[in-house]
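Here is what each chain is made of, one letter per residue.
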Number of protein chains: 2
Amino acid sequence: MAPNSKNKTHHHGDLRNALIAAGLDILKHKGLAALTLRACATSANVSHAAPAHHFQGLPGLQAAIAARGFQELTDHMRRELDSAGDDPHLRLSGICEGYLEFANQNPAMFQLMFSSTFDFQLDSDLLARSAEAYGVLSDTCAPFEIPGTGKEGGTEMLIWSLVHGFANLKLSDCLGPKDAPATRVAFADFLPRLQLRADRKDA
Amino acid sequence: MAPNSKNKTHHHGDLRNALIAAGLDILKHKGLAALTLRACATSANVSHAAPAHHFQGLPGLQAAIAARGFQELTDHMRRELDSAGDDPHLRLSGICEGYLEFANQNPAMFQLMFSSTFDFQLDSDLLARSAEAYGVLSDTCAPFEIPGTGKEGGTEMLIWSLVHGFANLKLSDCLGPKDAPATRVAFADFLPRLQLRADRKDA
DNA sequence: GCAACAACTTGACAGTGTCAAATTATAAGG
DNA sequence: CCTTATAATTTGACACTGTCAAGTTGTTGC
């Protein structure tokens, strides 16, 4: 009667996390379109309607999976920060690299996270995880913030827009044929062209 | 027997464009999720399977509609250019405003255009229309290009990433609760923080 | 041991995209 | 003018989706 044994009971033990794990796997190997309630249920060896008791519909499951995505994104950025030392510039380019690496390695997840098919306000976990990622970005941008101008948050939105746009454009195939000139541009060339606060001391 | 009269014949005359028009209307008023083959067919007063003969499946119809989107986007940017005069800075901020205005006014279309649910390479019209939009961007960025560095296209990708990312983040609701600090940031504050070529003469 | 409750299953329904086959309108040829 | 061929459209079917209602079964509290 061990709760984690293989007894084919109705109760799964931790079906919620099992469904999320199944969804993560499907997302990674079969893409966003294959992420369906029924596929997750089948993959977790439960009936097709089981997910409804743990998530309110498909958007609910998507939100829970996206929350894991933001968690992973945060990890990617934090890992870069750890090996970046104290230089604000290195730290900034570090989280950008982490952001782009995450998008590149998990295109379907990245697509899901910003697909606006679910409501961030309805899932407190998703809200917390995305806020955490935003926090890493915000902290790293803080040294470059222009104080007292009433434009707080400007630097982080500048950086976020830049990496996010770059990641999106790379994932879409709207850059023309592969090996088009636009494809060869590297993100590393962007940061030196930003007038960040610390630049004035360096220059 | 006038071909454009209301005779309920099998032949529609210009069903292809009628389906695209129906799709544009659905996209604008009911959102991306409501854009289905069957809905377009019903809206055009034809049977549910009629679209298959003019588009190869849903991705084909989406591609045709997205092509119209790129056309409109080009128009938005060109209109701003016409009223911007000769100053490269004004022209650049003009197309950015046009880009953001388009995304704001047509959120579902913008979402569709970059949703990667269809293949740009498979629709020559879509390819041409998106290339045209890219051309406007590229031309406007040309005065700021750094020559002879082997980094051609860097400026346009910098600008495109920035506007595209900003538009995407605004459309997602992942910026936290409305009236969060990140929501109050205006794009106009970004351009002065870019080290563009002409800046050095001004400064 | 029994009752209440939660988890899960089963079955059904309205949608969706897509295919094959049948129907009909237009166009071409004799 | 009639016949034939071809293209456009319809009809019907299939598998798949999310979602709901009702039934079943395991767990829990008393």
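Residues numbered from 1 in each chain as written. Chains lettered and ligands numbered in written order. Predicted model: local features only at pLDDT ≥ 70, side-chain atom pairs only at ≥ 80, totals over all residues. Heavy atoms only, no water.

Caption draft 1: How the structure looks around the overall build of chain A. Helix and strand counts for chain A stand at eight helices and zero strands. Listed N to C, the secondary structure of chain A is α-α-α-α-α-α-α-α in terms of helices and strands. Here chain A holds 203 residues, and 45% of them are scored as buried. For chain A, long-range pairs separated by at least 24 residues make up 66% of all intrachain contacts whose partners lie at least 6 apart in sequence. (Helix = DSSP H or I, 4+ residues; strand = E, 2+ residues; numbered from the N terminus. Buried < 20%, exposed > 50% of the residue type's maximum accessible area, 1.4 Å probe, protein only. Contact = heavy atoms within 4.5 Å.)

Caption draft 2: Region of the structure containing the confidence of the model for chain A. Residues and elements named next belong to chain A. Mean pLDDT over chain A: 90, with 90% of residues reaching 70 or higher. Note that pLDDT drops below 50 for residues 1-8; the model gives that stretch one contact with residues more than four away or on any other chain. The low-confidence segment residues 199-203 (pLDDT under 50) makes three contacts with residues lying over four places distant or belonging to another chain. (pLDDT = per-residue confidence, 0-100.)

Caption draft 3: Inspection of the interface of chain B and chain A at higher detail. Counting residues at the interface gives 41 residues for chain B and 41 residues for chain A. For the pair chain B and chain A, the two sides together bury roughly 3,700 Å², of which 60% comes from carbon and sulfur. Across the contact surface, chain B and chain A share zero salt bridges. The tally of links from chain B across to chain A stands at six residue pairs in polar contact (both at pLDDT 80 or more). If you tally residues by element for the side of chain B that touches chain A, the top one is helix α7 (residues 154-171) of chain B, at 12 residues. Per-class residue counts for the side of chain B that touches chain A are 21 nonpolar, 14 polar and six charged. (Buried area = accessible area lost by both parts, 1.4 Å probe. Salt bridge = Lys/Arg side-chain N within 4 Å of Asp/Glu carboxyl O. Polar contact = N/O pair within 3.5 Å; in protein donor to acceptor, adjacent residues only side chain to side chain. Nonpolar A, V, L, I, M, F, W, Y, C, P; charged D, E, K, R; others polar.)

Caption draft 4: Representation of the relation of the copies chain B and chain A. For these two chains of identical sequence, chain B goes onto chain A by a turn of 180° and a shift of 0.0 Å along the axis, with RMSD 0.0 Å. Each copy turns onto its partner about a two-fold axis. If distances are taken from each C-alpha of chain B to the rotation axis, the shortest is found for Gly165 of chain B, at 1.7 Å. A symmetric contact is evident, with 100% of the interface residues of chain B recurring at the interface of chain A. (Least-squares fit on C-alpha atoms with pLDDT ≥ 70 in both.)

Caption draft 5: Representation of the packing of aromatic side chains in the model. Residue and element names in this part refer to chain A. A full pass over the atoms with the stated rule returns 18 aromatic pairs over all chains. Both rings, one in Tyr134 and one in Trp160, keep their centres 5.5 Å apart while their planes meet at 65°; by these two values the pair is edge-to-face. Placement of the pair is Tyr134 in helix α6 (residues 124-141) and Trp160 in helix α7 (residues 154-171), with a sequence separation of 26 residues. By the ring-pair criterion, three or more aromatic residues cluster together here, those being Phe70, Tyr99, Phe110, Phe114, Phe118 and Phe120. (Phe/Tyr/Trp six-rings, centres within 6.5 Å; stacked < 30°, edge-to-face > 60°.)

Caption draft 6: Seen up close, the packing of helix α4 (residues 88-105) of chain A against α6 of chain A. Residue and element names in this part refer to chain A. It is the contact of α4 with α6, at a shortest axis distance of 9 Å, that shows an interaxial angle of 155°. Here α4 is positioned roughly antiparallel relative to α6, judged by the angle of their axes. Between α4 and α6 the crossing geometry is left-handed. Touching Arg91, Leu92 and Ile95 of α4 are Val136, Leu137, Thr140 and Cys141, all from α6. Grouping the amino acids of the contact of α4 with α6 by side-chain chemistry returns five nonpolar, one polar and one charged. (Axes fitted to C-alpha atoms, helices over the stretch in contact; angles between N-to-C directions. Parallel < 35°, antiparallel > 145°, perpendicular 65-115°, else oblique. Left-handed = near helix turned anticlockwise from the far one by under 90°.)

Caption draft 7: Expanded view of the nonpolar core. Of all hydrophobic cores here, the largest spans 119 residues; its most connected members are Phe114, Trp160 and Phe187 of chain A together with Phe114, Trp160 and Phe187 of chain B. With residues near it in sequence (within four places) discarded, Phe187 of chain A still touches Cys96, Leu100, Leu162, Val163 and Phe166 of chain A. (Core = buried A, V, L, I, M, F, W, Y, C linked by side-chain atoms within 4.5 Å.)

Caption draft 8: Summary view of the packing of helix α6 (residues 124-141) of chain B against α7 of chain B. All names here are of chain B. Running from N to C, α6 and α7 cross one another at 115°; their axes reach a closest spacing of 9 Å. Between α6 and α7 lies a crossing whose hand is right-handed. Contact residues: Tyr134, Leu137, Ser138 and Cys141 in α6; Thr155, Glu156, Ile159 and Trp160 in α7. Its residues assigned to classes, the contact of α6 with α7 shows five nonpolar, two polar and one charged.

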